[in-house]
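In case you want the letters, here they are:
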Amino acid sequence: MEMDTEQPDVVWWLDGYSKEDEFLRTQRPISPEQIVQLREVIQPDADDPWMLYGYDVPLAVWPAVDAILQCGPPDPDLDYQTSATAPD
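This text gives an overview of the structure that appears in the document. (Residues numbered from 1 in each chain as written. Predicted model: local features only at pLDDT ≥ 70, side-chain atom pairs only at ≥ 80, totals over all residues. Heavy atoms only, no water.)

Here's the deal with the overall build of the protein chain
Then, number 1: Helices and strands together make up the secondary structure of the protein chain, namely two helices and four strands.
Then, number 2: Taking all 88 residues of the protein chain together, 32% fall into the buried category.
Then, number 3: Relative to all contacts within the protein chain whose residues are 6 or more apart in sequence, the contacts with residues 24 or more apart total 61%.
Then, number 4: Of the roughly 5600 Å² of accessible surface on the protein chain, a fraction of 49% belongs to carbon and sulfur atoms.
Then, number 5: Within the protein chain, one finds 4 positive and 19 negative side-chain charges whose respective centroids are separated by 7 Å. (Helix = DSSP H or I, 4+ residues; strand = E, 2+ residues; numbered from the N terminus. Buried < 20%, exposed > 50% of the residue type's maximum accessible area, 1.4 Å probe, protein only. Contact = heavy atoms within 4.5 Å. Areas by Shrake-Rupley, 256 points an atom, 1.4 Å probe, with all protein chains shown as cover. Lys, Arg positive; Asp, Glu negative; His and termini not counted. Charge placed at Lys NZ, Arg CZ, Asp CG, Glu CD.)

Description of the side chain of aspartate 48
Then, number 1: As for its placement among the helices and strands, aspartate 48 is situated in the loop between helix 1 (32-38) and strand 3 (55-56).
Then, number 2: The buried charged residue aspartate 48 lacks any salt bridge, with arginine 39 as its nearest oppositely charged partner at 8.2 Å.
Then, number 3: Separated by 2.7 Å, the side chain of aspartate 48 and the backbone nitrogen of leucine 52 make a polar contact.
Then, number 4: Reaching out from aspartate 48, the side chain makes a polar contact with the backbone nitrogen of tyrosine 53 at a distance of 3.0 Å. (Salt bridge = Lys/Arg side-chain N within 4 Å of Asp/Glu carboxyl O. Polar contact = N/O pair within 3.5 Å; in protein donor to acceptor, adjacent residues only side chain to side chain.)

Considering the pairing of strand 1 (residues 11-18)
Then, number 1: In terms of residue burial, strand 1 counts as a mostly covered element, since six of its eight residues are buried.
Then, number 2: When strand 1 meets strand 2 (residues 24-30), the two strands line up antiparallel, connected through six bridges. By the bridge assignment for strand 2, glycine 16 is matched with threonine 26.
Then, number 3: Between the antiparallel neighbours strand 1 and strand 2 lie five residues, among them glutamate 22 with a positive phi of about 65 degrees. (Pairing = 2+ DSSP bridges.)

Considering the pattern of salt bridges
Then, number 1: Counted under the stated rule, the structure contains two salt bridges.
Then, number 2: Among the salt bridges present, the one from arginine 25 reaches aspartate 21, with a minimum N-O distance of 2.4 Å.
Then, number 3: Accessibility expressed as a relative area gives 47% for arginine 25, which makes it partly exposed.
Then, number 4: A residue is classified by how much of its surface remains accessible, and aspartate 21, at 33% relative accessible area, is partly exposed.

Brief notes about the environment of cysteine 71
Then, number 1: Residue placement: cysteine 71 occurs in the loop between helix 2 (62-69) and strand 4 (78-85).
Then, number 2: Distance from cysteine 71 to aspartate 56, taken between C-alpha atoms, is 16 Å for residues 15 residues apart in sequence.
Then, number 3: In this structure, cysteine 71 is in contact with Leu14, Arg28, Trp62, Val65 and Asp66, ignoring residues within four places of it in sequence.

A few points about the sheet that holds strand 3
What links the strands of a sheet is backbone hydrogen bonding, and the strands pair in either a parallel or an antiparallel sense.
Then, number 1: Strands sit in the order 2-1-4-3 across an open sheet of four strands; the sheet is antiparallel. Looking along the sheet, the strands with just one partner apiece sit at the ends: strand 2 and strand 3.

Spelled out as structure tokens, the structure:
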């Protein structure tokens, strides 16, 4: 998949949601360089090379995610997703 060379003006996040009530519990920023690396681990849709849509982060790929983000072990009480927001 070809990356669009123009980086969008967004901020990426690794979001952790409670399995009990689905509220956001943790949020960790992801740099543009890290999002490029995450594309190798979490396959984005063909029309979304910059991962602007939210994507589930399965625990099966967590070792690779941790290697990229240095985020440590996942919290077993959370489900994780990527997200992108416009900067403030």
